[in-house]
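# Observations on chain architecture
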Amino acid sequence: MSSLLSRHAECAFWMARYIERAESVARLIEVHSSFQRGRSSAESNWAWLVALYSDQKTFAKAFDQATGENVIQFYITYLENPSSIQSCVRSARENARALRPLIPTDMWYQVNDFYNRLLGFSSTDISETRLSRTCDAIKRGCYAQIGVAENTLYHDEIWPFFRLGLFIERADQISRLLDVKFAQIATGLKADKSQFDFGFWALLLRSASAYHAFRRIHPSAVEPEDVARFLLFDRRLPRSIAYCLCEIQSMIDLLHTGFQLNHAARAYEQMEVLAGGLNQAGRDAALLDRLHAFNDWMQIGLASLATELGYAFFGYQRPGANIQTSPHQFQTQTQN
């Protein structure tokens, strides 16, 4: 790299990722809280959230049962969980501290203020009766942080790394959001088929702040396949995976052509693999039946892309030959 140190590039990348992750976890908790409203405690099921993030072992070390109270605490205020909202914002703050000479004062003040407000949460704030309001406050804090960055951060080499972290995390989290149905079925939630199939997908859209946009395109009904395809492929929706991949590709191209960083070539190739897989999925008439497999494939691909960026720019040591994923791998796996 030329003028930006590798450690600063990595801090910018992870600062954005942690803020986006905190917002996404708040969205997932909020949508499930809404879905569970009016159900008895016996019908309530929060174990799916632990399964969705593959946190069963970490959760079991801290809590005996996956009750609503325990899962909410684990994902909002439990600092020993690196994926909890407080842990994510704390990590974003530490990365911002390392970037203090490079980021505007407004960004630094905002992340500090946000973190201190999270530390002030009481047990009442994360109770199920006030959970929606708390999650909304968390989302607004994340909006403010990203907004301050987009309006004040200087667009030199640090900018594409911040944006790469933001959109890689967003694409990963949207794929997880689309996988909520699978995780809930796996943990035995599906009790009311009609409510689950239609009411659930409407709540899923709301959790992605996409309900009103979706209704403009599909005014008559909320069909599961339409929702899935909207969140996956509509390039006009800022939270769709297609939109995120376009932004990621644009930032990698900026690194390669705008800042003449030749190490971006392999990351660009992996980005093309993801884009090719997404295009194939768009032509799959049975996509809804294979949605879980596609989400897994996308998450693995995004993780590989993030690792490649680490090799290229953050000083990670590359272990031997890099294995490329075929753009036809998703199609092959789902047909077997």
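To be clear, the structure that these remarks concern was listed above.
A few words on the environment of glutamine 65. Residue position: glutamine 65 is located in the loop between helix H3 (56-62) and helix H4 (68-76). For the pair formed by glutamine 65 and alanine 47, sequence separation is 18 residues and the distance between their alpha carbons is 8.8 Å. Once you skip the residues sitting within four places of it in the chain, glutamine 65 turns out to touch Phe59 and Asn70.

One can find isoleucine 158 in helix H8 (residues 158-178). Note: C-alpha distance between isoleucine 158 and isoleucine 103 (55 residues apart in sequence) is 9.2 Å. Contact partners of isoleucine 158, with chain neighbours within four places excluded, come to Leu4, Ala12, Leu99, Leu102 and Leu153.

This paragraph deals with the pattern of salt bridges. Considering all chains together, one arrives at 19 salt bridges under this definition. Here glutamate 20 makes a salt bridge to arginine 239, at a shortest N to O gap of 2.9 Å. Highlighted residues: glutamate 20 in helix H1 (residues 6-36) and arginine 239 in the loop between helix H12 (224-233) and helix H13 (241-258), separated in sequence by 219 residues. Between arginine 21 and glutamate 169 there is a salt bridge, with the nearest N and O atoms lying 3.0 Å from each other. On the criterion of sequence distance, the pair formed by arginine 21 in helix H1 and glutamate 169 in helix H8 is long-range, its members being 148 residues apart. Since its relative accessible area comes to 0%, glutamate 169 is described here as buried. Residues joined by salt bridges that share partners form a network here, namely Glu20, Glu23, Arg27, Arg170 and Arg239.

One non-glycine residue, serine 54, lies in the positive phi region at around 55°. On the secondary structure map, serine 54 appears in the loop between helix H2 (47-52) and H3. Phi is positive for glutamine 260, which is not a glycine, with a value near 50°. Classification of glutamine 260 as exposed rests on a relative accessible area of 54%.

For H8, spanning 21 residues, the distance from its first C-alpha to its last is 31 Å, which sits close to the expected 30 Å at 1.5 Å a residue. Judged by how many residues are buried, H8 sits mostly within the fold: 21 of 21 residues are covered.

Turning next to the side chain of glutamine 173. Here glutamine 173 lies in helix H8. If sequence neighbours within four positions are ignored, glutamine 173 has contacts with Arg21, Ser24 and Tyr53.

Our focus in this paragraph is the packing of helix H5 (residues 85-98) against helix H6 (residues 105-119). In contact at an axis separation of 10 Å, H5 and H6 are set at 155° when each is read in the N-to-C sense. On the basis of their axis angle, the class for H5 and H6 is roughly antiparallel. Here H5 and H6 pass one another in a crossing that is left-handed. Taken together, the residues of H6 that come into contact with H5 (itself represented by Ile85, Gln86, Val89, Arg90, Ala92, Arg93, Ala96 and Arg97) are Trp108, Val111, Asn112, Phe114, Tyr115, Leu118 and Leu119.

This paragraph deals with the side chain of lysine 139. Assignment of secondary structure puts lysine 139 in helix H7 (residues 131-152). Accessibility expressed as a relative area gives 7% for lysine 139, which makes it buried. When near neighbours in sequence (up to four residues on either side) are disregarded, lysine 139 contacts Glu23, Ala26, Arg27 and Glu30.

The subject of this paragraph is the packing of aromatic side chains. One pass over the structure, following the stated rule, counts 16 aromatic pairs. Each ring, one from phenylalanine 214 and one from phenylalanine 230, has its centre 5.5 Å from the other, and the planes form 75°; the classification is edge-to-face. Of the two residues, phenylalanine 214 sits in helix H11 (residues 211-217) while phenylalanine 230 sits in helix H12, which places them 16 residues apart along the sequence. Assessed through its relative accessible area of 0%, phenylalanine 214 is described here as buried. A ring pair is formed by phenylalanine 314 and tyrosine 316, whose centres lie 6.0 Å apart and whose planes are at 70°; its orientation type is edge-to-face. Residue classification places tyrosine 316 among the partly exposed residues on the basis of a relative accessible area of 32%. Over the ring of tyrosine 211 we find arginine 206; its NZ or CZ atom is 3.9 Å from the centre of that ring.

About the thresholds
- Residues numbered from 1 in each chain as written.
- Predicted model: local features only at pLDDT ≥ 70, side-chain atom pairs only at ≥ 80, totals over all residues.
- Heavy atoms only, no water.
- Helix = DSSP H or I, 4+ residues; strand = E, 2+ residues; numbered from the N terminus.
- Contact = heavy atoms within 4.5 Å.
- Salt bridge = Lys/Arg side-chain N within 4 Å of Asp/Glu carboxyl O.
- Buried < 20%, exposed > 50% of the residue type's maximum accessible area, 1.4 Å probe, protein only.
- Expected span 1.5 Å × (residues − 1).
- Axes fitted to C-alpha atoms, helices over the stretch in contact; angles between N-to-C directions.
- Parallel < 35°, antiparallel > 145°, perpendicular 65-115°, else oblique.
- Left-handed = near helix turned anticlockwise from the far one by under 90°.
- Phe/Tyr/Trp six-rings, centres within 6.5 Å; stacked < 30°, edge-to-face > 60°.
- Lys NZ or Arg CZ within 6 Å of the ring centre and 35° of its normal.

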